[in-house]
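Topology and contacts: notes
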Amino acid sequence: MRHRLRETFVWRESELEVWHGVKFALDTAVPTLGGLLLGQPELGFIGALAGSLFSFSDSTDPLAIRLLRLLEIVVAMLGFGILGFFLGAHSPLFWGLLTALVFGAGWLQLISHGYASPLRWGAIALVSTAGLPGATWALAGMVIFAAAVGVATRFIGDRFFPEAAPVIPPADEVAERSRFQRIRFCVMYALAATLALVIGQSRGLTHPMWITTTTLLVMQPAAWTSVERIIQRVLGTVLGVVAAAVTVALFQSVWALFAIIVVLSYALPYAATRNYLLQTALFAWLILVLYDFASVSNFNQHLLGERLVDVTLGCVIAFVATALAFVPLPKPRVRV
C-alpha cells in the first residue's frame, strides 16, 4: 500500500506536443466564445464543458475511428440528456435507465475504457438534465457546435500535426475475472452511481450530479487504481477549489475569465498525462471559473464548498463500493 500511495503523487514526464494543449484549448474556448458573442454565456458554459469532455474522450486510433467515437458520444449525450429532461428524476423509468446505463458502462470498462465512454457520458447527461429548469434546444445546439469544433480540430491535427496524435495515459491491466466477479463490479458501479444521486437529491443539493459523476469517474475495474483515483480526486478538488476561490475574488471581467479558461484548457492535457491529482485540480478550477463566467461574475460562493463536499461524498461512496466489488482486496502491485 505504501508503494501505491507514493505513486499517487509521482510526477510523470509528458509525451505531449504543443498541439495537444492548443487542441484542448480550441475545443473548450471556441464554444465558450460562441456563447459570449451570442450574449448567452450560460450557453458558452455548456459548450466549454462538452468540448472538454470530447477532448478527454479522444484516443490514439486512426482518424475515422476517432470521429466515429466522437459521434457515438454526442448521440449518447444528446439522446440521454433529452430523456433525462423529459423523464425527470422521479420517474421509475429514469432510475431503471440510469442503472442500466452505468451497469453497461462498467461492463464495457472491463473490455476497454474507450468502449465505455458513450454510455458513461450518456449517464452523466441523463443525470445532469433531470429536472433541469429552463432547458432549451439551444443547449443541444451548443453541444452540437462543440462537437463540430472537435471534428475540425481532429481533422487539423491529423492533417498538419500527425506526430502529435493524442497520448492518453495507459490504463492499468485488468486481471482476468470470473463472470461472477465481473457482474459484481458492474452491480456495485451502478449502485454507487444511483445511491450518489439519491443522497444528493435527499440533501437538497443544487448539483447532485457532481456526486454521481465522481463515482462514475473514480471507480475503475482495478481495485488499487480506484483507491488511487479516489485519494487524488479529493486532494485535487481541494487545490482546485482554493485556486478558484482566489480567481473569482480577483477577476470580475468576463473577458479576463475567458482568458483564464483558455490558459487552464491549454494546461489540462499535460496535467492528465502526468498526474490525476493535478488533472482533477485544474478541472475543478476550470469548472468553477466557468460557473463564474456563466453568471457574468455574479458567482455563488456556496458553490466552492458544495463542490468540495459533493466530490468528497462521491469518493466515500466509491470507496465503499470498490471495497465491496473487490472483496477480498488484491495485494497492491509494486512497480519498478
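Before reading on, note that the structure itself is shown above.
In every chain, residue numbers begin from 1 and rise along the written sequence. Since the coordinates come from a predicted model, pLDDT governs what is reported: local features require at least 70, and pairs of side-chain atoms require 80 or more to be given and counted, while whole-chain, interface and lining totals use all residues. Only hydrogens and water are removed before side-chain values are computed, so all heavy atoms of the structure are retained for them.

1. A few points about the overall build of the protein chain
Each helix and strand counted, the protein chain has 13 helices and zero strands in total. Overall, the protein chain shows an N-to-C arrangement of helices and strands of α-α-α-α-α-α-α-α-α-α-α-α-α. Burial status across the protein chain gives 54% buried among its 336 residues. Here, residues are in contact when the closest pair of their heavy atoms is within 4.5 Å. Looking at the protein chain alone, contacts between residues at least 24 apart form 81% of all its contacts between residues at least 6 apart. A 1.4 Å probe and the Shrake-Rupley method give the accessible areas. Residues count as covered only by the protein chains that appear here. Surface accessibility of the protein chain: about 15100 Å² in total, with carbon and sulfur atoms responsible for 71%. In this description a helix means any DSSP run of H or I spanning at least four residues, a strand means any run of E spanning at least two, and both kinds are numbered starting from the N terminus. When accessible area is computed with a 1.4 Å probe and restricted to protein chains, residues below 20% of their type maximum are described as buried, those above 50% as exposed, and intermediate ones as partly exposed.

2. Examining the packing of aromatic side chains
By convention, a stacked pair of Phe, Tyr or Trp rings (six-membered ring in the case of Trp) has centres within 6.5 Å and planes under 30 degrees apart, an edge-to-face pair has planes over 60 apart, and any other such pair is tilted. This model, assessed by the stated rule, comprises 11 aromatic pairs. Summarising the aromatic geometry, the rings of tryptophan 255 and phenylalanine 258 are spaced 6.1 Å apart at their centres and angled 80° between planes, so their arrangement reads as edge-to-face. Residue tryptophan 255 and its partner phenylalanine 258 are both found in helix α11 (residues 254–274); the two are separated by three residues, about one turn of the helix. Taken together, Phe24, Phe56 and Phe283 form an aromatic cluster joined through their ring pairs. Arginine 159 extends its terminal NZ or CZ atom over the ring of phenylalanine 160, reaching a point 5.1 Å from the ring centre. A ring is considered to have a charge above it if a Lys NZ or an Arg CZ atom is located within 6 Å of its centre and within 35 degrees of its normal. A cation over an aromatic ring shows up here: arginine 229 above the ring of tyrosine 276, its NZ or CZ 4.0 Å from the ring centre.

3. As for the packing of helix α8 (residues 179–202) against helix α9 (residues 209–218)
Only the stretch in contact is used when fitting a helix axis, every axis being a line fitted to C-alpha atoms; angles between N-to-C directions are given from 0 to 180 degrees. One can describe the packing of α8 onto α9 by two numbers: an axis separation of 7 Å at closest approach and a directional angle of 165°. Of the possible angle classes, the one that applies to α8 and α9 is roughly antiparallel. Crossing handedness for the pair α8 and α9: right-handed. Taking contact as the criterion, the partners of Tyr189, Ala192, Ala193, Ala196, Leu197 and Gly200 in α8 are, on α9, Ile211, Thr212, Thr215 and Leu216. Working definition: roughly parallel below 35 degrees, roughly antiparallel above 145 degrees, roughly perpendicular at 65 to 115 degrees, and oblique for all remaining angles. Helix crossings get a hand from a simple test, with the near helix turned counterclockwise from the far one by less than a right angle marking a left-handed crossing and a clockwise turn marking a right-handed one.

Coordinates in, geometry out; function isn't part of it.
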